[in-house]
Amino acid sequence: MNVSSASSMVNLLAEGRAQREKAAQERAETKLRDAQSAVATLKQLNSAASSQASEQRKAAAKQRVDQLKARLQMLKMSGSVDPKVLAQLARELKAAVKSYAGEGGSAAGLGGASVSASAAPTDGASAQAPGADGEVSADPDAAQSAEHNAAQADVAASGDDRAGKDGKEAAANPADPRGETNPYRRMAQEAEVKFAEAARRGAATQADRDFLTEARSLANQIKSLAKSAASKTDPARQRDGAEAEKAAVEALKQVEDAGKDLGASGVSITI
């Protein structure tokens, strides 16, 4: 083999190696994009499911409080207030407020509240991701594997890759400020996004305050009626009235705790 043939062979081998390395790099980049896409989808699904579950839970709690208000009104109209019934109403009110704040229970756990059978999973539900057929797959191992692969891929990805990804996401979403190259327009868009988010949070907080105010008013009504029942001369009625008043105080305490958990400042409880 002469020198020219040997040189051609070396060049051919080098070219083949370069092609193989390029193909391997393209496969790695494809896996990176797939893993990042899977994780993004999981986060979106989990966020949407959590938000939907929270809304359903709060709606069920509100419905339950409305039912308790109606029952108390009927009890007052009957002319004979049973302290045992008052105690039961106070306990149910406490459970509804606790569920509203997400401290325990679910929408389905509130008796009398209608809940759709297609309700989204609660906070402990398995992560979900779309399958090849377009349906949702609830495979926790696959979700964990996707997150693990994405975490490793993110470490390997360069800053330029991340910037390019952000740019593509921004281009796909015209409302995303990252897609605006004009710095002044970008600042205006960012301010608009922040304002909209602040408005949404403010509306949610006000809704929480309204619910807690209504629950507090109901608990105070129960407490007042229970105190009146406890002042009777009948020892058994006094005992039942004291028990009902205690249950009302516990419901008021639950409203106070829920206000702290929800960050709904301005709802103060005096017991």
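Here we summarise the structure given alongside this text.

Reading the values: the criteria
- Residues numbered from 1 in each chain as written.
- Predicted model: local features only at pLDDT ≥ 70, side-chain atom pairs only at ≥ 80, totals over all residues.
- Heavy atoms only, no water.
- Phe/Tyr/Trp six-rings, centres within 6.5 Å; stacked < 30°, edge-to-face > 60°.
- Helix = DSSP H or I, 4+ residues; strand = E, 2+ residues; numbered from the N terminus.
- Buried < 20%, exposed > 50% of the residue type's maximum accessible area, 1.4 Å probe, protein only.
- Axes fitted to C-alpha atoms, helices over the stretch in contact; angles between N-to-C directions.
- Parallel < 35°, antiparallel > 145°, perpendicular 65-115°, else oblique.
- Contact = heavy atoms within 4.5 Å.
- Nonpolar A, V, L, I, M, F, W, Y, C, P; charged D, E, K, R; others polar.
- Core = buried A, V, L, I, M, F, W, Y, C linked by side-chain atoms within 4.5 Å.
- Polar contact = N/O pair within 3.5 Å; in protein donor to acceptor, adjacent residues only side chain to side chain.
- Salt bridge = Lys/Arg side-chain N within 4 Å of Asp/Glu carboxyl O.

1. Overview of the packing of aromatic side chains
Argument step 1. Under the defined criterion, the tally for this structure stands at 1 aromatic pair.
Argument step 2. Ring geometry for Y100 versus F211: centroids 3.9 Å apart, planes at 10°, classification stacked. Taken together, the positions of Y100 in helix α2 (residues 83–100) and F211 in helix α5 (residues 183–230) put the pair 111 residues apart, joining distant regions of the chain.
Argument step 3. You can call Y100 buried: its relative accessible area is 0%.

2. Points about the packing of α2 against helix α6 (residues 235–262)
Argument step 1. Relative orientation of the contacting elements α2 and α6 amounts to 10°, with a least axis distance of 8 Å. It follows from the interaxial angle that α2 and α6 lie roughly parallel. Across from P83, K84, L86, A87, A90, R91, L93, K94, V97, K98 and Y100 in α2, the residues of α6 making contact are R237, D240, G241, A244, A247, A248, E250, A251, Q254, V255, A258 and L262.
Argument step 2. For the contact of α2 with α6, the per-class residue count stands at 14 nonpolar, 2 polar and 7 charged.

3. Observations regarding the nonpolar core
Argument step 1. Judged by nonpolar contacts, the single largest core of 29 residues is most densely connected at L72, L86, L93, V97, F211, L218 and I222.
Argument step 2. Contributing elements (two or more residues each) for this core: α1 (3–77), α2, α5 and α6.
Argument step 3. Ranked by the residues each element gives to this core, the list is headed by α2, at 8 residues.
Argument step 4. Aside from chain neighbours lying at most four places away, what touches L218 is V65, L68, K69, L72 and L93.

4. What to know about the side chain of K58
Argument step 1. With respect to the element layout, K58 can be found in helix α1.
Argument step 2. Within polar-contact distance, the side chain of K58 engages the side chain of D208 at 3.1 Å.
Argument step 3. When residues no more than four places from it in sequence are discounted, the contact partners of K58 are Y100, D208 and L262.

5. With respect to the pattern of salt bridges
Think of it this way: side chains of opposite charge can pair up when their charged atoms draw near.
Argument step 1. Counting across every chain of the model gives 5 salt bridges.
Argument step 2. Here E92 and R64 are joined by a salt bridge, their closest N and O atoms 2.4 Å apart. In this pair, E92 is assigned in helix α2 and R64 in helix α1, connecting sequence segments 28 residues apart.
Argument step 3. Residues joined by salt bridges that share partners form a network here, namely R64, R71 and E92.

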